[in-house]
2 protein chains.
Amino acid sequence: MSLVVVGSVALDTVETPKGRADDVLGGAALYFSLAASFFAPVRMVGVVGADFPRATLDELRKRDIDLSGVEEAPGKTFRWTGRYHEDVNVRDTLHLDLGVFAEFRPKLPEAYRDSAYVFLANIDPVLQRRVREAMPGVKLVAGDTMNYWIKDHKAALLEVLKGLDILLINDTEARMLAAKDNLVQAARAVMAMGPSSLIVKHGEYGATLFHKAPANTDGAEKTFRAPALPLEEVVDPTGAGDSFAGGFFGYLASQPDVTPASYRNAMFYGSVMGSFAVERFGTERLQMLSRDEIDARFALFRELTHLD
Amino acid sequence: MSLVVVGSVALDTVETPKGRADDVLGGAALYFSLAASFFAPVRMVGVVGADFPRATLDELRKRDIDLSGVEEAPGKTFRWTGRYHEDVNVRDTLHLDLGVFAEFRPKLPEAYRDSAYVFLANIDPVLQRRVREAMPGVKLVAGDTMNYWIKDHKAALLEVLKGLDILLINDTEARMLAAKDNLVQAARAVMAMGPSSLIVKHGEYGATLFHKAPANTDGAEKTFRAPALPLEEVVDPTGAGDSFAGGFFGYLASQPDVTPASYRNAMFYGSVMGSFAVERFGTERLQMLSRDEIDARFALFRELTHLD
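From a predicted model like this one, the values you see are computed outputs, not experimental measurements.

At the junction of the two partners, chain A supplies 38 residues and chain B supplies 38 residues. Summing both partners gives a buried area of about 3,400 Å² for chain A against chain B, and 49% of it is carried by carbon and sulfur. Sorting the residues of chain A by area buried against chain B places A:Tyr205, A:Arg225 and A:Leu307 first, and these three jointly supply 26% of that buried surface. Summed over the shared surface of chain A and chain B, the number is six salt bridges. When the shortest N-O distance is used, the salt bridge between A:Glu204 and B:Arg175 registers 3.2 Å. Scanning the region where chain A abuts chain B turns up 25 residue pairs in polar contact (both at pLDDT 80 or more). Of all the secondary structure elements, the ones that give two or more residues to the side of chain A that touches chain B are α6 (171–178), α7 (183–191), β12 (207–211), β13 (224–226), α9 (260–277) and α11 (291–305) of chain A. By residue number, the principal contributor to the side of chain A that touches chain B is α11(A), which donates six residues.

Encoded structure:
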């Protein structure tokens, strides 16, 4: 089943302890689409400027990524410049130029409207909501957000949350959104805002999947933890979370039914795609990845966690 | 097979967001012994003062914990007073009185010397080494340490590490000991100091087991990650790491052979015992625990992590 993603497409300049790369492909929608495209046909909604490499658009189309919802606007593509510290969990934004993304208004092609799965990447919640409302009949809607929207646009974000089935955020965001320090309590509070499932990403420690407990259980048995792969070298952490989301949601969209088992496998595929994304600058590793490599790493994640 | 543990026995006064408890049982050797005693006979080496409740000593003896190596000295038992923050990963030591522990010189009863397993809890590395050297024929030696010894007694600690098979420390300690930010690189550097296996504890995110890679492999397949249980309420985090060590090493000592599978199961039992320890103040939860509860939680950990 095809899946629609709406979000940013960017050209990033990144400095990490492993080096520097200029104008590499980035943006949440691009990482997500590349990761998800290994599992399901992807339909992108976004905007690029006149400076965005046309060869890249051609390459994406060849991967069964539909770009008819990606506007090619006059002006500059969204550009982000950032620097990661020795501890790659910490980064500084050195420069941000929204370019054509500043005026981005998602336009959903008519042909996208039969998609059963929608992913609302981290953008202005007002736009997330607009896309959500334009697709009332979808089977599953997942979304991401960030501290900026939680802090300064909470009312708009809360409206989005009401329409989400699955929210993917990190520890800090979950605690901030719920105003609770304890992760389990924070997860419960966030799910009370709308999403029936919540994935909290723990960076190098993996991710936890929570489900809203049915009324007659304590819900504890519903939780699932996927590890991250202990990596000796992280070249560029950018996009790890979006690649996780792409692997997770792409796998779910590839399955005939959404079951507890498909959720668990999706968590592993998410971790697998996140672990690849950070091995090279920008989206390079995802672009050169093979399905065999994905399967081999999935097996490695199983070995890493399973008793037998 | 019986296992020897040497370390502190304490009376703790603890404040956490959940309340306050005065003079509750504590100390690394006590948490470790209680946790390990569910799996194997334990032989303690330590010291208590005249103020230590005799009824507790009687209770420990009933649990197949041999106290013939625990000296009852005139003076006061080691006392620690601490306060945990809202974020229970952060704590302040408010008061510390070493009491009889200041002059502690481990005395190994003759009857202990046939033990095949020794755990050197977090104490002065000079004492750890002395115990290690007194038991040259043991099958497996594990140990713990802390930032204080890494920072100010590194030479003595390095001598201890040479004699360890397994070291259990947390992320911060691993990175400090190795002077490396990346966890995998830090783990490799620490294992080069002696231990062939290293367990790095990640608090609420679980723990990772690394093994020194045999010369002809890349070693990646040897790593294992056990989760922590997402807990809604942490009453008192004190002793979680020592309880993990007790569950881990107690289980290993209970097995006829040390195999990759027994290591993996031991990691789960460690996580199980750590998850119980924090549910009540001091060692109370471990004292009231049943083997059935341990087995049920082990099953929960499996559900939490396994694909099917």
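With that out of the way, let us pick up the relation of the copies chain A and chain B. Mapping chain A onto chain B calls for a screw motion: a turn of 180° about the axis and a shift of 0.0 Å along it, with 0.0 Å RMSD after fitting. The relationship between the two copies is best expressed as a two-fold rotation axis. Interface overlap between copies is the fraction of interface residues in one copy that are interface residues in the other; for chain A against chain B it reaches 100%, indicating a shared surface.

All names here are of chain B. Following both chains from N to C, one finds helix α8 (residues 240–254) and helix α9 (residues 260–277) inclined at 145°, their axes separated by 7 Å at the closest point. Taken as a pair, α8 and α9 cross one another with a handedness that is right-handed. Contacts from Ala240, Ser243, Phe244, Gly247, Phe248, Tyr251 and Leu252 of α8 reach α9 at Ser262, Tyr263, Asn265, Ala266, Met267, Tyr269, Gly270, Ser271, Met273, Gly274 and Ala277.

Here we come to helix α3 (residues 125–134) of chain A. All names here are of chain A. All buried positions along α3 are accounted for by Pro125, Leu127, Gln128 and Val131. In an axial view of α3, the angular spread of the buried residues amounts to 160°, which keeps them on one side of the axis. Of the surrounding secondary structure, the elements contacted by the buried residues of α3 are β1 (3–6), β8 (117–120), β9 (140–144), α4 (147–152) and α5 (154–162). Measuring from the backbone nitrogen of Val126 back to the side-chain oxygen at the start of α3 gives 2.9 Å, which picks out Asp124 as the cap.

Take the environment of B:Phe268 next. Note on placement: B:Phe268 falls in helix α9. Here the alpha-carbon distance between B:Phe268 and B:Arg225, two residues 43 residues apart in the chain, equals 9.2 Å. Each residue touching B:Phe268, except ones within four places of it in the same chain, is listed here: A:Thr305, A:Leu307, B:Phe224, B:Ala226, B:Pro227, B:Phe298, B:Phe301, B:Arg302, B:Thr305 and B:His306.

With that settled, the discussion passes to the sheet that holds strand β10 (residues 166–170) of chain A. Residue and element names in this part refer to chain A. Reading across from one edge, β5-β4-β1-β8-β9-β10-β11-β12-β13 is the order of the nine strands in this open sheet, with mixed pairing throughout. Each end of this open sheet is capped by a strand with a single partner; those strands are β5 (65–72) and β13. Within the sheet, the average angular offset between the axes of one strand and its neighbour, ignoring direction, is 15°. Pairing of strand β11 (residues 197–201) with β12, which is carried by five bridges, proceeds in the antiparallel orientation. By the bridge assignment, Lys201 is partnered in β12 with Ala207.

Residues and elements named next belong to chain B. Spatially, nine strands are ordered β5-β4-β1-β8-β9-β10-β11-β12-β13 in an open sheet, and the strand pairing comes out mixed. Each edge of the open sheet is held by one strand with a lone partner, namely β5 (65–72) and β13 (224–226). If you compare each strand with its neighbour and ignore which way they point, the axes differ by 15° on average. Pairing between strand β4 (residues 42–48) and β5: six bridges, direction parallel. Residue Val42 lies in a different strand from β5, and its bridge partner there is Ile65.

What follows concerns the packing of aromatic side chains. Residue and element names in this part refer to chain B. On inspection of all chains with the given rule, the structure shows 32 aromatic pairs over all chains. Pairing Phe78 with Phe101 gives two aromatic rings, centres 5.1 Å apart and planes at 5°, and the pair type is stacked. Of the two residues, Phe78 sits in strand β6 (residues 78–84) while Phe101 sits in the loop between β7 (91–97) and β8 (117–120), which places them 23 residues apart along the sequence. Note on Phe78: relative accessible area 12%, which makes it buried. According to the relative accessible area criterion, Phe101 is buried, its value standing at 15%. Aromatic pair Phe119 and Phe249: ring centres 6.2 Å apart, planes at 50°, arrangement tilted.

Reading guide: rules and limits
- Residues numbered from 1 in each chain as written.
- Chains lettered and ligands numbered in written order.
- Predicted model: local features only at pLDDT ≥ 70, side-chain atom pairs only at ≥ 80, totals over all residues.
- Heavy atoms only, no water.
- Contact = heavy atoms within 4.5 Å.
- Buried area = accessible area lost by both parts, 1.4 Å probe.
- Salt bridge = Lys/Arg side-chain N within 4 Å of Asp/Glu carboxyl O.
- Polar contact = N/O pair within 3.5 Å; in protein donor to acceptor, adjacent residues only side chain to side chain.
- Helix = DSSP H or I, 4+ residues; strand = E, 2+ residues; numbered from the N terminus.
- Least-squares fit on C-alpha atoms with pLDDT ≥ 70 in both.
- Axes fitted to C-alpha atoms, helices over the stretch in contact; angles between N-to-C directions.
- Left-handed = near helix turned anticlockwise from the far one by under 90°.
- Buried < 20%, exposed > 50% of the residue type's maximum accessible area, 1.4 Å probe, protein only.
- Arc of directions from axis to C-beta.
- Pairing = 2+ DSSP bridges.
- Phe/Tyr/Trp six-rings, centres within 6.5 Å; stacked < 30°, edge-to-face > 60°.

Read these as layout, nothing more, since geometry by itself doesn't imply function.
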